Amino acid sequence: MTDPCYSEMKQHRREYYWLYAVADANQGIPNKCACGQSIVVETGEQGMRYYVCKVFEVRMMCDDGSHFRICCLQALEDEVNDLKKDARDEVQTRLKLQLKIQQMSKEIEELKKLVKGFS
C-alpha cells in the first residue's frame, strides 16, 4: 500500500507545473492554452492577427483568465528577443571556453617543459 501523502504530493506537483506553464505561456508563441485547448490564429476587426484559444469566444462572457488571446506581433517579438538572449549567452559561453582553452594550453606547455627538465 502506498503512502496517502504520496498521491497528494503528486497532485500538488502537477498543480505547480501547471501554474508554472500558465505563467510562462504568455511569453512567445503559445503551443497550447492554459485550459488545455489548442491555439488557432484569428484575424481581428482591424486586420491584426491573434493567437487565440479555441474556447476563448465561448467563455469570453465569464473570463476566468485561463484562456489566451495574444497578438501575433507581440508573440513574435518575444520569440526573437528570447533567441537574441540565447545567442548572446552562447557567445559569452564560447568566449569563456576559448579563454579557458588558452589557459590550459599554456599550462600544458609549462608541464611539458617540466617533464623535459626531469628526463
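Because the structure is a prediction, the values reported are computed rather than measured.

**Student:** Looking at this structure, how should I read the overall build of the chain?
**Tutor:** Looking only at helices and strands, the chain has two helices and three strands in total. Along its sequence from the N terminus, the chain presents helices and strands in the succession α-β-β-β-α. Taking all 119 residues of the chain together, 18% fall into the buried category. Here the analysis covers contacts within the chain between residues at least 6 apart in sequence; of these, 34% occur between residues at least 24 apart.

**Student:** Help me understand the pattern of salt bridges, please; the structure alone is not making it clear to me.
**Tutor:** A side chain with one charge can pair with a side chain of the opposite charge if their charged atoms come near. Per the stated rule, a full pass over the model turns up one salt bridge. In this structure, lysine 85 engages aspartate 89 in a salt bridge whose closest nitrogen and oxygen atoms are separated by 3.3 Å. You can see lysine 85 and its partner aspartate 89 sitting in helix α2 (residues 72–118), four residues apart, about one turn around the helix. Overall, the relative accessible area of 43% leaves lysine 85 in the partly exposed class. Classification of aspartate 89 by relative accessible area gives partly exposed; the value is 31%.

**Student:** Please explain the nonpolar core as it appears in this structure.
**Tutor:** The nonpolar side chains of a soluble globular protein tend to be buried with one another. In this structure, Cys33, Ile39, Tyr51, Cys53 and Phe68 are the most contacted members of the largest nonpolar core, which totals 14 residues. When residues of this core are assigned to their parent elements, the largest contribution, four residues, is made by strand β2 (residues 49–53). Here tyrosine 51 is in contact with Ile29, Pro30, Ile39, Val40, Val41, Phe68, Arg69, Ile70, Cys72 and Ala75, once residues within four sequence places are set aside.

Procedures and definitions
Residues numbered from 1 in each chain as written. Predicted model: local features only at pLDDT ≥ 70, side-chain atom pairs only at ≥ 80, totals over all residues. Heavy atoms only, no water. Helix = DSSP H or I, 4+ residues; strand = E, 2+ residues; numbered from the N terminus. Buried < 20%, exposed > 50% of the residue type's maximum accessible area, 1.4 Å probe, protein only. Contact = heavy atoms within 4.5 Å. Salt bridge = Lys/Arg side-chain N within 4 Å of Asp/Glu carboxyl O. Core = buried A, V, L, I, M, F, W, Y, C linked by side-chain atoms within 4.5 Å.

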